[in-house]
Amino acid sequence: MRDHEDVFHLAIPAADLDAAQDFYVAGLGCKLARRYADRITLDFFGDQVVCHLSDCVDEAPELYPRHFGVTFRRREDWERLLRLARARGLSFFAEPFHRFAGRAEEHESFVLADPSNNLLEFKYYDDPRMMY
């Protein structure tokens, strides 16, 4: 099965590659791995996200059923990204919120929208067993 050196791959649409690169690299701090005329490949927190130039962008996205992001093991990392997103003026689809108070799956979350309306959720669970 998957080794710790393997990476998850996700391809998403991008209406504008310059805007996508600005959001992911300058905004979130991801590393640009490659750029072609029709796509950019990113190191997205250790996994691979590829933004493909496309006219198929969701003009009115909803969080469910499609979004992606990172579930952090450490609250400090979640908080650091939240501060970075605010400081860099990234677009929030949902401001930070607390879910499932008092339950095992209790967690903190916020959701960003990239320039092509792809939704990115970032979470931190108080109980690390709830990450999966």
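Everything here concerns the structure above.
All figures in this text were calculated on a predicted structure; none of them were measured in a lab.

(A) Focus on the packing of aromatic side chains. Per the stated rule, a full pass over the model turns up 10 aromatic pairs. With a centroid separation of 4.9 Å and an interplanar angle of 80 degrees, the aromatic rings of Phe-44 and Phe-45 are classed as edge-to-face. An aromatic cluster is present here, built from Phe-23, Tyr-24, Phe-44, Phe-45, Phe-68, Phe-72, Trp-78, Phe-92, Phe-110 and Phe-122 joined pairwise through their rings. The cationic tip of Arg-39 hangs over the ring face of Tyr-36; the distance from NZ or CZ to the ring centre is 4.2 Å.

(B) Here's a closer look at the sheet that holds strand 3 (residues 39-44). Ordered in space as 1-4-3-2, the four strands form an open sheet in which the pairing is mixed. What marks the edges here is a single partner per strand, and that holds for strand 1 (9-14) and strand 2 (31-36). Neighbour-to-neighbour, the strand axes of this sheet turn through a mean angle of 20 degrees, independent of strand direction. Looking at chain direction, strand 3 and strand 4 (residues 47-53) are connected through six bridges and run antiparallel. From the neighbouring strand, Asp-43 faces strand 4, where its bridge partner is Gln-48. The strands touched by helix 1 (residues 17-27) within the sheet are strand 1, strand 2, strand 3 and strand 4, with strand 3 carrying the most contacts at an inclination of about 10 degrees.

(C) Seen up close, helix 2 (residues 75-87). Its 13 residues give helix 2 an end-to-end C-alpha distance of 18 Å, which sits within 8% of 18 Å, the value for a rise of 1.5 Å per residue. For helix 2, the full list of buried residues reads Trp-78, Leu-81, Leu-82 and Ala-85. The buried residues of helix 2 occupy one face: seen down the axis, they fall within an arc of 105 degrees. Counted as exposed and oriented over 90 degrees from the buried face of helix 2: Arg-83 and Ala-87. In this structure, the buried side of helix 2 is in contact with strand 5 (68-72), strand 6 (92-99), strand 7 (107-113) and strand 8 (119-125). Among the residues trailing helix 2, Gly-89 stands out with phi positive, at a value near 65 degrees.

(D) The pattern of salt bridges, seen in detail. One pass over the structure, following the stated rule, counts nine salt bridges. Arg-35 is paired through a salt bridge with Asp-18; the nearest N and O atoms lie 2.9 Å apart. Pair noted here: Arg-35 is in strand 2 and Asp-18 is in helix 1, with a separation of 17 residues, a long-range link. Across the pair Arg-80 and Asp-77 runs a salt bridge whose closest N-O atoms are separated by 2.7 Å. On the criterion of helical spacing, the pair formed by Arg-80 and Asp-77 is a turn pair, its members being three residues apart in helix 2. According to the relative accessible area criterion, Arg-80 is partly exposed, its value standing at 44%. What emerges from the salt-bridge pattern is a single network uniting Arg-74, Glu-76, Asp-77 and Arg-80.

The rules behind these values
Residues numbered from 1 in each chain as written. Predicted model: local features only at pLDDT ≥ 70, side-chain atom pairs only at ≥ 80, totals over all residues. Heavy atoms only, no water. Phe/Tyr/Trp six-rings, centres within 6.5 Å; stacked < 30°, edge-to-face > 60°. Lys NZ or Arg CZ within 6 Å of the ring centre and 35° of its normal. Pairing = 2+ DSSP bridges. Helix = DSSP H or I, 4+ residues; strand = E, 2+ residues; numbered from the N terminus. Axes fitted to C-alpha atoms, helices over the stretch in contact; angles between N-to-C directions. Contact = heavy atoms within 4.5 Å. Expected span 1.5 Å × (residues − 1). Buried < 20%, exposed > 50% of the residue type's maximum accessible area, 1.4 Å probe, protein only. Arc of directions from axis to C-beta. Salt bridge = Lys/Arg side-chain N within 4 Å of Asp/Glu carboxyl O.

So yeah, pure geometry; function would need other evidence.
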